Amino acid sequence: MSKAIVAMGLPESGKTTFLAALWHLLTNKKVLVRLSLVKLAAEEAAYLREIATRWVQAKKQERTFHSGNKTVKLTLQSEGGEVFDLAFPDIAGEAFSQMWEMRECTPSVADALRASGVLLFIHVDKIKPPGWIADDAALAESMGDGPGDIHGDIQTDAQAAAEGAAPADGQANAQGEKAVPWKPESSPTQVQLVDILRCLQALPLDVGPRKLAVILSAWDKVEDDAVSPERFLEMHLPLLHQYLTHGLNAGWEQRIFGVSAQGAEYDDVKGAPTADADRMRDMEVPSQRIKVVVGEVISHDLTVPVNWLLE
Amino acid sequence: MVEEEVDTVQCDNPDCKVAQDGRCIEGQDLAACTHYGKALVIVDRPTSMAATKPTPGVRLPSAEALARSQAQVLLRNQPCNVIALVGPFDSGKTSLIAGAYDLFQHGPVGGFTFAGSSTLHSFELACHDTRRASKRKKPKMERTQGGDATYFHLDLVASGCHDKRAALLANRAGEDYMDAQSDPALANDFVELHRADVLTVLADGERLLDLGLRHQVRDDICLTLRAFQEAGATRPWQRLAVVLTKLDAVLKDEAKTERVLQFFEGIVHDVRDQFSEHFIEIQSFRVAASPQSAKAARGTGMVELLHYWMSDPACLHPTKVPAVIPIAARSFGRLRPRARADHE
């Protein structure tokens, strides 16, 4: 029996770390998990071993972009004794950026995206919010930093043309920076994710109702905020939250998970190991670095979202 | 043992058979031929263009504003309200469209929840120059390109409902609408007007602040509507919204604020006076879709306008048709089956 799930997300959203931690968890067997490994001879086993080794050493994963897309196949057994092959494509985040920006994907990525279970990864610390110039001006004004009124300074294309000025896109602002023309990649994270989900519900990727597990990765960075994963999504990605609630096609099911597969930030901005990384290495049972939050329930079982997708 | 020295006869011209017949294919003396004696270099045949062509990617649905034909497909497939925005260049049409979309970035708006869009690239492009990512110090309004109207699409779910209703916001260059004042026949080609559930005409608040331009604003609105009506481009079941844009600019110039607001009410009065019988409803709105100062909050007035835009289309109000039961000429035809207990 074969079941397929696809891991998707923008670049550096935590897909490879999740897979590394999952492989460690399944092979190490130090904590109780819902799915168990039947055979060690997984497809791409060498790759799994490599990323799991980095994970257990508390080293950052190399980005999938450099190592190429991999489709990992695991033979697993559920709690009920059902044995099945799980295909888990570890696709580079750039492939998903390309979907938003270029409106296309490779045939192999398209095949993977037709899986019935979808893991959508969002790194909680790498959410690009929309931000408005007018709000900045209002904030500056409220803090007594200048008048904040910039309405009179707006220059339309027509005015620029009338004054013989350079096109607005080529103008430098007061700081001497040039205005940046729109590129799809500059769009907010939630807009890009909504569009990718829309693509999964339209031809040529539509395969009918599916299960969608939204993984808020690096959950350790926000767990002190004491909000549930669902509430976090509503607060920080409200457009996506609305879309998940009302925009998915009939029959789709979705659930939101807070996942800390890595445990902590391994390296500082200069790439040097941090105290947190040393704390991770110091743990007797590496699997206990993992945290999975569903509603109020916290566990070390990284197979929970995968198991839910396969139920 | 003496090794026999054998000269290898070779030529770098692949067509030459000198090795077989000893004759130069070009008829030259072998010593004079520039090809004779050189090894034939074998190279791979160049791969055909078809073979070197990269594997074609899988095309995904577009995210650009919809053309007329695409909008028609959407209209056929789901409940939809068409909103046509009419106003001269720089009156704030794109700002209204972008502002309505951008409000949903923060969460549901006035009881409406975002449920998708097939034109996210165009929405993002329209919003970009008001966003921090543009690295502008001052927001800039993108000029609407000439040509046929394009349609921005938003799927919305009203509170208490489960079904989506689409908003199709038609955008066309302001110059095209203004040209209709001198040639009303042009309005026949503005298909978005024929189908619009809500016609939205804009009064530019900045222009109303200018004593020299404010009368032009009133004339533009009234003459454009008259041109549409003369061309037969409007429908009696349509709603009309008269919208004062750039409210923040009006509020900023405090000395003129009251006067401008009164003048705007005068415009609305004139519109009602002249066009009430041509529209099922006329309402006025004051909005600051994308304000440039703290004088008005971003999205001021947009909730009310959004509700108006998403009102049940008046053209689709069901009408009760009385059932007509034909009376048969023969007595036999007037017999009716007796109702059974389990049926009635």
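Residues numbered from 1 in each chain as written. Chains lettered and ligands numbered in written order. Predicted model: local features only at pLDDT ≥ 70, side-chain atom pairs only at ≥ 80, totals over all residues. Heavy atoms only, no water.

## Focus on the confidence of the model for chain B
Residues and elements named next belong to chain B. For chain B, per-residue confidence averages 84 on the pLDDT scale, and residues scoring 70 or more make up 87% of the total. Taken as a whole, residues 1–6 scores under 50 in pLDDT and shows zero contacts with residues more than four places along the chain or in a different chain. Here the prediction assigns the complex a pTM of 0.80, and the interface score ipTM is 0.83. (pLDDT = per-residue confidence, 0-100. Contact = heavy atoms within 4.5 Å.)

## Brief notes about the environment of Glu 79 of chain A
With respect to the helices and strands, the residue Glu 79 of chain A is situated in the loop between β3 (70–77) and β4 (83–90). Residues Glu 79 of chain A and Asp 301 of chain A, spaced 222 residues apart in sequence, show a C-alpha to C-alpha distance of 13 Å. (Helix = DSSP H or I, 4+ residues; strand = E, 2+ residues; numbered from the N terminus.)

## Considering empty space enclosed by the protein
Residue and element names in this part refer to chain B. The tally for this structure, following the rule as stated, stands at five cavities of 30 Å³ or more. Taken as a whole, the second largest cavity encloses approximately 70 Å³ of empty space. If you go around the second largest cavity, the residues you meet are Pro 88, Ser 91, Leu 202, Ala 203, Asp 204, Arg 207, Leu 213, Gln 216, Val 217, Asp 220 and Ile 221. Mapped onto the lining of the second largest cavity, the elements with two or more residues apiece are β6 (198–204) and α9 (214–230). Sorting elements by how many residues they give to the lining of the second largest cavity places α9 first, with four residues. By residue class, the composition of the lining of the second largest cavity is six nonpolar, two polar and three charged. (1 Å grid on protein atoms, 1.4 Å probe; cavity = no way out; pocket = protein on both sides within 12 Å on 5 of 7 lines; lining within 4 Å. Points joined across faces, edges and corners; volume = space filled by probe spheres on them. Nonpolar A, V, L, I, M, F, W, Y, C, P; charged D, E, K, R; others polar.)

## Regarding the packing of helix α1 (residues 15–28) of chain A against helix α2 (residues 45–56) of chain A
Residues and elements named next belong to chain A. Running from N to C, α1 and α2 cross one another at 95 degrees; their axes reach a closest spacing of 8 Å. Put simply, α1 runs roughly perpendicular to α2. Of α2, the residues touching α1 (which contributes Thr 16, Thr 17, Leu 19, Ala 20, Ala 21, Trp 23 and His 24) are Tyr 47, Leu 48, Arg 49, Ile 51, Ala 52, Trp 55 and Val 56. (Axes fitted to C-alpha atoms, helices over the stretch in contact; angles between N-to-C directions. Parallel < 35°, antiparallel > 145°, perpendicular 65-115°, else oblique.)

## Section: the packing of aromatic side chains
One pass over the structure, following the stated rule, counts ten aromatic pairs over all chains. On the basis of an interplanar angle of 85 degrees and a centroid distance of 5.3 Å, the ring pair of Tyr 177 of chain B and Phe 190 of chain B is categorised as edge-to-face. Taken together, the residues Tyr 177 of chain B in helix α6 (residues 174–179) and Phe 190 of chain B in the loop between α6 and α7 (191–195) connect sequence positions 13 residues apart. As far as burial versus exposure is concerned, Tyr 177 of chain B and Phe 190 of chain B are alike and both buried. By way of ring pairs, the aromatic residues Tyr 243 of chain A together with Phe 104 and Phe 114 of chain B are connected into one cluster. (Phe/Tyr/Trp six-rings, centres within 6.5 Å; stacked < 30°, edge-to-face > 60°. Buried < 20%, exposed > 50% of the residue type's maximum accessible area, 1.4 Å probe, protein only.)

## Focus: helix α12 (residues 302–309) of chain B
Of the positions making up α12 of chain B, those classed as buried are Met 302, Leu 305, Leu 306, Tyr 308 and Trp 309 of chain B. For α12 of chain B, the arc enclosing every buried residue in end-on projection is 160 degrees, short of the 170-degree limit, so these residues lie on one face. (Arc of directions from axis to C-beta.)

## Here we look at unusual backbone geometry
Cis geometry marks the peptide bond from Leu 203 of chain A to Pro 204 of chain A, where omega comes out at 10 degrees. Positive phi is not limited to glycine here, since Ala 218 of chain A has a value of about 60 degrees. For Ala 218 of chain A, the location among the structural elements is in the loop between β7 (211–217) and α9 (229–236). Positive phi outside glycine occurs at Lys 135 of chain B, with the angle close to 60 degrees.

## Side note on the side chain of Asp 129 of chain B
Residue and element names in this part refer to chain B. Mapped onto the secondary structure, Asp 129 falls in the loop between α5 (120–128) and β4 (150–158). When its relative accessible area of 4% is taken as the criterion, Asp 129 is described as buried. Here the side chain of Asp 129 touches Arg 136 through a polar contact of 3.0 Å, side chain to side chain. (Polar contact = N/O pair within 3.5 Å; in protein donor to acceptor, adjacent residues only side chain to side chain.)

## Digging into α5 of chain B
Summarising burial for α5 of chain B: eight of the nine residues are buried, a large majority. Within α5 of chain B, the full set of buried residues consists of Leu 120, His 121, Ser 122, Phe 123, Glu 124, Ala 126, Cys 127 and His 128 of chain B. Those residues of α5 of chain B that are buried are in contact with α4 (93–102) and α8 (189–200) of chain A together with α4 (93–103) and β4 of chain B.

## What to know about the interface of chain A and chain B
If you look at the interface, chain A gives 60 residues, while chain B gives 55 residues. Roughly 5,200 Å² is buried in total at the junction of chain A and chain B, and carbon and sulfur atoms are behind 60% of that figure. Inspection of the region where chain A meets chain B yields three salt bridges. The interface formed by chain A and chain B includes 20 residue pairs in polar contact (both at pLDDT 80 or more). (Buried area = accessible area lost by both parts, 1.4 Å probe. Salt bridge = Lys/Arg side-chain N within 4 Å of Asp/Glu carboxyl O.)

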